[in-house]
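The primary structure of each chain is shown beneath.
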Amino acid sequence: MDHFLYRDGQLMAEDVPLREIAEAVGTPAYVYSTATLLRHYRLFDEALAWGPHLVCFAVKSLSNVAILTLLGREGAGMDVVSAGEYLRAKAAGVPGERIVFSGVGKTREEMRIVLEGGVRQVNLESEPEMAALSEVAVSMGVEVPVTVRVNPDVDAKTHAKIATGKSENKFGVPISRAVEVYAEAAALPGLRVVGIDVHIGSQLTDLAPFEAVYAKVADLTGVLRAEGHAIERLDLGGGLGIPYTRSNEVPPLPRDYGALIERTVGHLGCEVEIEPGRLISGNAGVLLSRVIYVKTGEDRDFLILDGAMNDLIRPAMYDAWHDIVPVAEPVAGAPTRAFDIVGPVCETGDTFARGREMPEVGEGDLVAFRSAGAYGAVMASEYNSRPLVPEVLVDGDHFAVIRRRPTIDEMIARDSLPPWL
Ligand SMILES: *Cc1c(COP(=O)(O)O)cnc(C)c1O
């Protein structure tokens, strides 16, 4: 459920008509709903209320400092995958004890930044990385809590580009080698083993892969404890999917996911961490865009929008579906027409949808891409020298710009000439 609904003929973000935001901020623009973000975070928090837990928001899905501040004040932890994300979480006032540092290639410089500012744990992904963290921790005279990310070789049954838990993926160490790798970690100075980490992929629409993986994690907990490791925390990753279409596809609910976690690892007495991104932020955002032209082609019609692949790359990158709806509510039963919905960028890949049935929309009309809160603004670029898309946060009947659109002059001013030109 989200808070983008039609009221009095207008698509609203909570109690603000999206049209008002478009007029104030221009298009394209991302618009987020506070109520939806909080609701989704709380669903996870409640789903794990049966035991000690921390819901760490996956910052990579939506990293605006205002969003992190909102969730951080609600008590959320943060899962970060770079020094940049770590510093964003800190800028949002989230204490280090609630920040988990993940990622497959952490540099020594990033490790230093995170150890200096304080961190709940570092999730290690390889032996060389383990050695590097040990060196850095020793040089700084600190001991850092760590887990090892195990790769369980389980098929998450999701898009290949966002599956991370198969043996051919770059992530983690093979679960079959876990005993060896944990022994190495325990022997390294500056590291303190506190738990196990796993994350098998994103946009999972079935609980079965989670069940298989968490059962493996439970077994591994027993094995590692028998080896003398203090396994007190289980970081079970993120990945729960959301409905992107109006079809009947119903992804699992956080409540059922929480019950599954209780069933598979609840008896171990561990603190549970999860790292949801998409399910918290995905349906909490829309990309607002305006029709520039309606172009009648030889065998198809094109809806040319002012939003493009550089603003929302998911359709080009993952063949992702986003519902695209007019901001002015279509009359019930009004005829529809098939469009290829595209942006102005000079690539055929700049196509959001092909043959999409749309109610009649024309030049200047506003449309909204639904479920665009996660992996939307964070993946935006300035390709074609299009200014980075701005972000707006709505709370009830008011809204604020939380990242403004840069001017073209600002973009150009970032470039500099070498001395010989
Ligand atoms: C991407 C990622 C997540 C979040 O995934 P969602 O599908 O957005 O929930 C969590 N943990 C790690 C390590 C990730 O790489």
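Every chain is numbered independently, its residues counted from 1 as its sequence is written. At least 70 in pLDDT is required for a residue's local features to be given in this predicted model, at least 80 for side-chain atom pairs to be given and counted, and no such filter applies to totals for whole chains, interfaces and linings, which use all residues. Values reported for side chains reflect all heavy atoms of the structure, with hydrogen atoms and water molecules removed beforehand.

Enquirer: Explain the packing of helix α8 (residues 208-226) against helix α9 (residues 254-265) to me, using residue names and the numbers behind them.
Expert: Contact geometry for α8 and α9: axes closest at 9 Å, N-to-C directions at 30°. Here α8 is positioned roughly parallel relative to α9, judged by the angle of their axes. Crossing angle aside, the handedness with which α8 passes α9 is right-handed. Contacts between α8 and α9 pair Phe210, Glu211, Tyr214, Ala215 and Ala218 from the former with Tyr257, Leu260, Ile261, Arg263, Thr264 and Val265 from the latter. Here the contact of α8 with α9 is built from residues that sort into eight nonpolar, one polar and two charged. To get an axis, fit a line to the C-alpha atoms, keeping to the stretch in contact for a helix; angles then go from 0 to 180 degrees between the N-to-C directions. Working definition: helices are DSSP H or I runs of at least four residues, strands are E runs of at least two. Numbering for both runs from the N terminus. Every angle not falling under 35 degrees, over 145, or within 65 to 115 is termed oblique; those three ranges are roughly parallel, roughly antiparallel and roughly perpendicular. Handedness of a helix crossing follows the sense of rotation of the near helix relative to the far helix, less than a right angle counterclockwise being left-handed and clockwise being right-handed. Whether two residues touch is decided by their heavy atoms; if any such pair falls within 4.5 Å, the residues are in contact. The residue classification treats Ala, Val, Leu, Ile, Met, Phe, Trp, Tyr, Cys and Pro as nonpolar and Asp, Glu, Lys and Arg as charged. All others, Gly included, are polar.

Enquirer: Could you give an account of the packing of aromatic side chains, with specific residues and numbers?
Expert: Two aromatic rings from Phe, Tyr or Trp, using only the six-membered ring of Trp, form a pair when their centres are within 6.5 Å; if the ring planes differ by under 30 degrees the pair is stacked, by over 60 it is edge-to-face, and anything between is tilted. Evaluated as defined, the whole model comprises six aromatic pairs. When the ring of tyrosine 30 is compared with that of tyrosine 32, the centres are 6.3 Å apart and the planes differ by 10°; the resulting orientation is stacked. Their ring planes at 85° and their centres at 6.3 Å tell us that phenylalanine 44 and tyrosine 257 sit as a pair that is edge-to-face. Of the two residues, phenylalanine 44 is situated in helix α2 (residues 34-47) and tyrosine 257 in helix α9; the sequence distance between them amounts to 213 residues.

Enquirer: Tell me about the pairing of strand β4 (residues 29-33), and name the residues and values.
Expert: Remark: exposure states derive from per-residue accessible area (1.4 Å probe, protein chains only) relative to the maximum for the residue type, with buried under 20%, exposed over 50%, and partly exposed in between. With five of five residues buried, β4 is to be regarded as a mostly interior element. Summarising the sheet, β4 and strand β14 (residues 285-296) pair through four bridges and their orientation is antiparallel. Each bridged residue has a counterpart across the sheet, and for valine 31 the counterpart in β14 is valine 286. Note on pairing: DSSP must find at least two bridges between two strands before they are called paired. In this structure, β4 lies alongside strand β20 (residues 391-395), joined through four bridges in parallel fashion. Along β20, the bridge assignment pairs tyrosine 32 with leucine 393.

Enquirer: Give me the lowdown on the site of the ligand, citing residues and values where you can.
Expert: Being near a molecule or strand, for a residue, comes down to having at least one heavy atom within 4 Å of it. In the vicinity of the ligand there are 14 residues, among which Lys60, Ser202, Glu275, Arg278 and Tyr375 approach most closely. Polar contacts, as counted here, are pairs of nitrogen or oxygen atoms within 3.5 Å of one another; within protein the pair requires one atom able to donate a hydrogen and one able to accept it, and residues that are adjacent in sequence qualify only if both atoms are side-chain atoms. Within the backbone of glycine 239, an N or O atom sits 2.8 Å from an oxygen atom of the ligand. Within the shell around the ligand, the residues separate by chemical class into three nonpolar, six polar and five charged.

Enquirer: How would you summarise helix α5 (residues 108-117) if you had to cite specific residues and measurements?
Expert: Within the sequence span of α5, burial applies to Glu110, Met111, Val114 and Leu115. Down the axis of α5, the smallest arc covering the buried residues is 130°, so these residues share one side. Positive backbone phi, at 95°, marks glycine 118, one or two positions downstream of α5. Working definition: the arc comes from the directions between the helix axis and the C-beta atoms, pointing outward to the latter.

Enquirer: Before we move on, can you summarise the environment of valine 80 with the specific residues and values?
Expert: Position of valine 80 among the secondary structure elements: in strand β6 (residues 77-80). Since its relative accessible area comes to 0%, valine 80 is described here as buried. Counting along the chain gives 195 residues from valine 80 to glutamate 275, while the straight-line C-alpha distance between them is 9.5 Å. If we skip the residues at most four places from it in the chain, valine 80 touches Val59, Glu85, Tyr86, Ala89, Ile99, Val100, Phe101 and Ser102.

Enquirer: Got a sec to walk through the state of the cysteines? Specific residues and values, please.
Expert: The bond known as a disulfide is covalent and runs between the sulfur atoms of two cysteines. Two cysteine sulfurs form a disulfide in these notes if their separation is within 2.5 Å. Applying the stated criterion across every chain, the model contains zero disulfides. Left unpaired, cysteine 270 is separated from the closest cysteine sulfur, that of cysteine 56, by 15 Å. Residue classification places cysteine 270 among the buried residues on the basis of a relative accessible area of 6%.

Enquirer: How would you summarise the domain arrangement of the chain if you had to cite specific residues and measurements?
Expert: Often, the extent of an interface is quoted as the loss of accessible area on bringing the components together. These domain limits were set by an automatic method or by a database of domain assignments. The domain architecture assigned to the chain consists of domain 1 (6-31 + 282-413) and domain 2 (103-274). In this structure, domain 1 and domain 2 have C-alpha centres spaced 35 Å apart. Each partner contributes to the interface: domain 1 provides 13 residues, whereas domain 2 provides nine residues. Accessible-area loss on putting two parts together, using a 1.4 Å probe and summing over both, is the definition of buried area adopted here. The contact between domain 1 and domain 2 buries some 900 Å² in all, and 49% of this surface belongs to carbon and sulfur atoms. When residues of domain 1 are sorted by the area they lose upon contact with domain 2, Tyr318, Trp321 and Asp323 head the list and together hold 44% of the total. A pairing counts as a salt bridge when a side-chain nitrogen of Lys or Arg comes within 4 Å of a carboxyl oxygen of Asp or Glu. On inspection of domain 1 and its partner domain 2, the count reaches zero salt bridges. Counting the contacts that link domain 1 with domain 2 gives three residue pairs in polar contact (both at pLDDT 80 or more). Among the elements that line the side of domain 1 that touches domain 2, the one with the most residues is helix α11 (residues 314-318), at three residues. Partitioning the side of domain 1 that touches domain 2 into residue classes produces five nonpolar, four polar and four charged.

Enquirer: Hey, could you go over the nonpolar core for me, with residue numbers and the actual values?
Expert: Nine residue types can take part in a nonpolar core, namely buried Ala, Val, Leu, Ile, Met, Phe, Trp, Tyr and Cys, and a core is a set of them joined through side-chain atoms within 4.5 Å. By size, the foremost hydrophobic cluster in this structure holds 97 residues, and its most contacted members are Met78, Tyr214 and Leu236. The element best represented in this core is α8, accounting for seven residues. Looking at which domains feed residues into this core, each of domain 1 (6-31 + 282-413) and domain 2 (103-274) gives three or more. Counting residues in each nonpolar core, the second largest holds 18 residues, with Ala29, Val31, Ala368 and Val394 among its members.

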